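If you want the building blocks of each chain, they are given just below.
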Amino acid sequence: MQKSPQAAADGLFGRMSKTDGLVAAAWVLGIQLGKGRQLDAKVLRTTMEHTFQGSDADGLWDWRDAYEAAELAQVLYLRRHAASIIGPQINPADSLAALKALSGLSPSQTRRSERQLQFQQFSTPIDLAYVASIAADTRSEDIVREPSAGTGLLAVYAELAGARLHLNELDSARASLLDQLFRDTGVTRLNGEQINDRLNPEIRPTVVIMNPPFSVSPGVAGRTQRADFRHIEAALARLERGGRLVAITGAGLSPEEHP
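Note that the structure is predicted; figures quoted are calculated from it, not measured. (Residues numbered from 1 in each chain as written. Predicted model: local features only at pLDDT ≥ 70, side-chain atom pairs only at ≥ 80, totals over all residues. Heavy atoms only, no water.)

> Sorry if this is basic, but what is going on with helix α4 (residues 63-85) here?
Residues lying three or four places apart along an α-helix face the same way, a consequence of the helix completing one turn every 3.6 residues. With 23 residues, α4 ought to run about 33 Å at 1.5 Å a step, yet its terminal C-alpha atoms sit only 29 Å apart, falling short of that. Its maximal kink placed at R79, α4 deviates by approximately 50 degrees. Of all 23 residues in α4, 18 are buried, a share of seventy percent or more. N-cap assignment for α4: the residue whose side-chain oxygen lies 3.1 Å from the backbone N of R64 is D62. (Helix = DSSP H or I, 4+ residues; strand = E, 2+ residues; numbered from the N terminus. Expected span 1.5 Å × (residues − 1). Bend = angle between axes of the 7 residues up to and from the residue. Buried < 20%, exposed > 50% of the residue type's maximum accessible area, 1.4 Å probe, protein only. Polar contact = N/O pair within 3.5 Å; in protein donor to acceptor, adjacent residues only side chain to side chain.)

Written out as structure tokens, the structure reads:
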């Protein structure tokens, strides 16, 4: 008798959690990146089916999961090859070119979930995250806070700089992935717009690096005005005096839009 998709999923995750499965898939995909292989739909499907012992049609995983695993793979790959990609002896222009090539091997994420669209879960490309890390000029003595950490594509650069990390991610599934990838880092699960009010008062970052949602707020239907500004305002309120904040935002928050 054939099992229902839900029964199959329950059987699998009795042995391995979804989080563990995605991290396992990410390690496999990271090896493929090391070989210079394009993470196309075929590679993603094969990796996910092997890891989860079934297909997306069985309800064991979906394409949002596959894309998350591909992003985690970039983090794992960069950790392993940081010295040869972004080491101090490497020209930043060469580093950026290598990271653009790495980004080009990653999937285009054409299949977007309703939740991804609803909460604007669009991760920072790994090459753009590198540019943000240069602007932040993170050092080993820094305490770095990322209020919308996603899958860690921004946070990994602060980690590689030797800084102390404090991560936040409202989405519980992504927060669990961060718990796995950044085991020595506390991951809170707060609304970034309220982070100054709810975060432990002892946490005073010297650097904040962020790519907040541009126009959505938790619990509010439809688009909201200046959501990114509220995230930045909350982060600035918690930033240590003399600290540095780097934010990736939409054009609507540019000075030209608000003379």
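> So what exactly am I meant to see when it comes to the packing of aromatic side chains here?
Aromatic ring pairs are described here by two measures, namely the spacing of the ring centres and the angle between the planes. With the rule as written, the count across this model stands at three aromatic pairs. Geometrically, the ring pair formed by W63 and Y67 is tilted, given 6.2 Å between the ring centres and 45 degrees between the ring planes. In this pair, W63 and Y67 both sit in helix α4, four residues apart, roughly one turn of the helix. Under the relative-accessibility criterion, W63 is labelled buried at 8%. A relative accessible area of 4% places Y67 in the buried class. (Phe/Tyr/Trp six-rings, centres within 6.5 Å; stacked < 30°, edge-to-face > 60°.)

> Explain the sheet that holds strand β3 (residues 186-188) to me, please; I cannot follow it from the model alone.
Note: strands within a sheet are paired through backbone hydrogen bonds, in either parallel or antiparallel orientation. As summarised here, the arrangement of the five strands in space is β3-β2-β1-β4-β5, forming an open sheet in which the pairing is parallel. Of all strands in the sheet, those bounded by a partner on one side alone are β3 and β5 (244-247). Put simply, the sheet's adjacent strands are angled 15 degrees from each other on average, direction ignored. In this sheet, strand β4 (residues 207-210) lies alongside strand β1 (residues 143-146) in parallel orientation, the contact comprising two bridges. Directly across from V144, in β4, lies its bridge partner V207. (Pairing = 2+ DSSP bridges. Axes fitted to C-alpha atoms, helices over the stretch in contact; angles between N-to-C directions.)

> Please clarify how the pattern of salt bridges should be interpreted in this entry.
All told, the structure shown has 12 salt bridges when counted by the stated rule. Of the charged contacts, one joins R174 and E68 as a salt bridge, the two residues approaching to 2.9 Å between their closest N and O atoms. With R174 in helix α9 (residues 172-181) and E68 in helix α4, this residue pair connects regions lying 106 residues apart in the sequence. By relative accessible area, which is 4% here, R174 ends up buried. Note on E68: relative accessible area 7%, which makes it buried. With a shortest N-O distance of 3.9 Å, E71 and R174 are connected by a salt bridge. Residue E71 is located in helix α4, and its partner R174 is located in helix α9; the two are separated by 103 residues in the primary sequence. Grouping residues by exposure puts E71 and R174 together as buried. When salt bridges that share partners are traced, they join R64, E68, E71 and R174 into one network. (Salt bridge = Lys/Arg side-chain N within 4 Å of Asp/Glu carboxyl O.)

> I keep staring at unusual backbone geometry and nothing clicks. Help me out?
One can expect most non-glycine residues to show negative phi and most peptide bonds to be in trans. Look at Q53: it is not a glycine, yet its phi comes out positive at around 60 degrees. Mapping Q53 onto the fold places it in the loop between α3 (41-52) and α4. Positive phi, normally seen in glycine, also occurs at D137, with a value near 50 degrees. Tracing the chain through its elements places D137 in the loop between α7 (126-136) and β1.

> Where do I start with α3 in this structure?
With 12 residues, α3 should cover 16 Å at 1.5 Å per step; its first-to-last C-alpha distance of 16 Å lies within 8% of that length. Q53 sits one or two positions beyond α3 and adopts a positive phi of about 60 degrees.

> Would you mind showing me how to read empty space enclosed by the protein here?
Under the defined criterion, the tally for this structure stands at two cavities of 30 Å³ or more. Approximately 40 Å³ is the volume found for the largest cavity. If you trace the largest cavity, you find it lined by R145, P147, I195, L199, P205, V208, A235 and R238. Of the residues that constitute the lining of the largest cavity, the class distribution is six nonpolar, no polar and two charged. The space that makes up the second largest cavity amounts to roughly 30 Å³. Among the elements of the structure, α8 (155-160) and β4 are those that each provide at least two residues to the lining of the second largest cavity. For the lining of the second largest cavity, the per-class residue count stands at six nonpolar, two polar and no charged. (1 Å grid on protein atoms, 1.4 Å probe; cavity = no way out; pocket = protein on both sides within 12 Å on 5 of 7 lines; lining within 4 Å. Points joined across faces, edges and corners; volume = space filled by probe spheres on them. Nonpolar A, V, L, I, M, F, W, Y, C, P; charged D, E, K, R; others polar.)

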